[in-house]
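So you can see what is in the structure, the chains are spelled out below.
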Amino acid sequence: MIQSSELILNPDGSVYHLNLLPENIAHDIIFVGDQNRVEKITQHFDCIEFSAQKREFKTQTGIYKGKRMTIMSTGIGPDNIDIVMNELDALVNIDLKTRQPKETLTSLNIIRIGTSGSLQADIPCDSFVMSKFGLGLDNMLRSYLIEDVSHASIEDAFIKHTNWDVRKGKPYVIACSEKLEKIIESNQMHKGITATAGGFYGPQGRVLRLEIQDRELNSKMDNFKFEGHRITNLEMETAAIYGLSVLLGHNALSLNAIIANRASGTFSSDPYKAVDALIAYTLDKLAKE
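About the criteria used
Residues take numbers from 1 onward in each chain, read along the sequence in its written order. Totals for whole chains, interfaces and linings use all residues, but because this is a predicted model, local features are given only for residues with pLDDT of at least 70 and pairs of side-chain atoms are given and counted only at 80 or more. Processing note: side-chain calculations cover all non-hydrogen atoms of the structure and skip hydrogens and water entirely. Each helix is a run of H or I in the DSSP string that is no shorter than four residues. Each strand is a run of E no shorter than two, and both are numbered from the N terminus. Distance and chemistry together define a polar contact, namely a pair of N or O atoms within 3.5 Å, with one atom able to donate a hydrogen and the other to accept it when in protein, and with adjacent residues in sequence counting only for side-chain atoms on both sides. Relative accessibility decides the category of a residue: with a 1.4 Å probe and only protein chains considered, values under 20% of the type maximum give buried, values over 50% give exposed, and everything between is partly exposed. In this description, a nonpolar core means a group of buried Ala, Val, Leu, Ile, Met, Phe, Trp, Tyr and Cys residues linked to one another through side-chain atoms lying within 4.5 Å. Throughout, a residue-residue contact means that at least one pair of heavy atoms, one from each residue, lies within 4.5 Å. Interaxial angle, 0 to 180 degrees, is taken between N-to-C directions of lines fitted to C-alpha atoms, where a helix line uses only the stretch in contact. For this classification, under 35 degrees means roughly parallel, over 145 means roughly antiparallel, 65 to 115 means roughly perpendicular, and everything else is oblique. Take the far helix as your reference; a near helix turned counterclockwise from it by less than a right angle gives a left-handed crossing, and one turned clockwise gives a right-handed crossing. Here the term charged refers only to Asp, Glu, Lys and Arg, the term nonpolar to Ala, Val, Leu, Ile, Met, Phe, Trp, Tyr, Cys and Pro, and the term polar to all other amino acids, Gly among them. By the convention used here, strands pair only if DSSP detects at least 2 bridges between them. A carboxyl oxygen of Asp or Glu within 4 Å of a side-chain nitrogen of Lys or Arg is what we treat as a salt bridge.

Colleague: I would appreciate a short explanation of the side chain of Ser-150 in the present structure.
Modeller: Following the sequence through the fold, Ser-150 ends up in the loop between strand S8 (128-136) and helix H3 (152-162). A distance of 3.3 Å separates polar atoms of two side chains, one belonging to Ser-150 and the other to Glu-155.

Colleague: Is there a simple way to explain helix H6 (residues 238-248) in this structure?
Modeller: For an α-helix the count is 3.6 residues per turn, leaving residues at separations of three or four pointing the same way. Counting buried positions over the 11 residues of H6 gives 8, a clear majority of the element. Following H6 by one or two positions, Gly-249 adopts a phi angle in the positive range, close to 90°.

Colleague: Explain the nonpolar core to me, please; I cannot follow it from the model alone.
Modeller: Within soluble globular proteins, side chains that are nonpolar generally end up buried alongside one another. In this structure, Leu-20, Phe-31, Ile-41, Leu-88, Ile-184 and Leu-253 are the most contacted members of the largest nonpolar core, which totals 61 residues. In terms of residue count, the dominant contributor to this core is helix H7 (residues 271-288) (8 residues). Those residues in contact with Leu-253, other than ones at most four positions away along the chain, are Ile-110, Ile-111, Arg-112, Met-130, Ser-131, Cys-176, Leu-180, Glu-181, Ile-184 and Tyr-242. Counting 18 residues, the second largest nonpolar core, distinct from the first, contains Ile-154, Trp-164, Ile-193 and Phe-224.

Colleague: What am I meant to see in unusual backbone geometry here?
Modeller: Leaving glycine aside, a negative phi is the common case for residues, and trans is the common case for peptide bonds. In this model, Arg-99 sits at a positive phi of 60°, which is unusual for a non-glycine residue. If you trace the backbone, Arg-99 turns up in the loop between strand S5 (94-95) and strand S6 (100-101). The exposure class of Arg-99 is buried, given its relative accessible area of 14%.

Colleague: When you look at the packing of helix H2 (residues 78-93) against H6 in this model, what are you seeing that I'm missing?
Modeller: Packed helices, taken two at a time, are described by the angle their axes make and the gap between the axes. Relative to each other, H2 and H6 sit at 25°, their axes nearing to 9 Å. Taken together, H2 and H6 sit at an angle that is classed as roughly parallel. You can see that H2 and H6 cross each other, and the crossing is right-handed. On H6, the residues that touch Pro-78, Ile-81, Asp-82, Met-85, Asn-86, Asp-89 and Asn-93 of H2 are Ala-240, Ile-241, Leu-244, Ser-245 and Leu-248. Each residue belonging to the contact of H2 with H6 can be placed in one class, and the counts come to 7 nonpolar, 3 polar and 2 charged.

Colleague: Quick question: what am I supposed to make of the pairing of strand S13 (residues 251-261) here?
Modeller: Successive side chains on a regular strand alternate, one facing one side of the sheet and the next facing the other. Along S13, 11 of the 11 residues are buried, which leaves the element largely enclosed by surrounding structure. Taken together, the 10 bridges between strand S7 (residues 109-118) and S13 define a ladder with parallel strand orientation. Following the sheet pairing, Gly-117 is matched in S13 by Ala-260. The pairing of S8 with S13 spans 3 bridges and is antiparallel. Considered in S13, the bridge of Val-129 is made with Asn-256. Across 2 bridges, S13 lies against strand S14 (residues 266-267) in antiparallel orientation. Pairing of Ala-260 across the sheet is with Phe-267, part of S14. In this structure, the hairpin formed by S13 and S14 is closed by a connection of 4 residues, where Gly-265 is found at a positive phi of approximately 75°.

Colleague: For this particular structure, what's the right way to read the pattern of salt bridges?
Modeller: Oppositely charged side chains can form a pair if their charged atoms are brought close together. Throughout the structure, instances matching the rule amount to 16 salt bridges. Between Glu-39 and Lys-58 there is a salt bridge, with its nearest N and O atoms 3.1 Å apart. With Glu-39 in helix H1 (residues 38-42) and Lys-58 in strand S3 (residues 57-64), the pair connects residues that are 19 residues apart, well separated along the chain. By relative accessible area, which is 15% here, Lys-58 ends up buried. A salt bridge links Asp-284 to Lys-65; the shortest N-O distance between them is 2.9 Å. In this pair, Asp-284 is assigned in helix H7 and Lys-65 in the loop between S3 and strand S4 (67-73), connecting sequence segments 219 residues apart. A relative accessible area of 25% places Asp-284 in the partly exposed class. Among the ionic contacts, a cluster of salt bridges with common partners joins Lys-132, Glu-181, Glu-185 and Lys-191.

In structure tokens form, the structure reads like this:
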């Protein structure tokens, strides 16, 4: 039995941070970072059957073109993803009353819709990026046993290419779900490696008043290539989602609307339009699945 200190439940039996019961979620789940973006998606639904919010975690479940889906805000960063992924898995794969893992496990389909900055000049603002791999620079996933699911050859090549400082921890690389990739892909999607940082400023190479450990890291990432794969963008969630999904047996895919191009120093003239277009694209692809 899983102890109450390890799997914390609310008085109503819901999981602690998400404030959800098993019946509140669908098997197809879309993650967004911003809680205000949840209703930008569910406004397209035929109906909404459930809504809840605790802290930054807002959830709505409903029907879109006959398909039941859940939209959930995760907040920002790998630490929040650790909470969201473990509690979602508990909802479907642990009996919350007996506190025992279920004999038959359920695989969720999880798609992240986010915004990001491109590191490549030829991936312009307002385009879409699909993360073929997540490259974790955050070190969160190293708390788990990941050697059997990570891609050591890409990790080693990246460490060598960037002269990575091991005091920051070892980067990890996890692939996306091939199942979801086939459902969502089209010629509208750029594909590549998405780097996941553990912060927004220094960890992503931004300098305000504090000096950073490696001012050249972004430029090194720009020209990193491994067997035709290059780093397309930099954000704060994808690698953590991929890693925990693979470990827990779920399918995950990360999609980003590019609202800034770090290589050219440009920003989208209408970032909301780009995000809305990616939302519509993803909902229709999922509904047809």
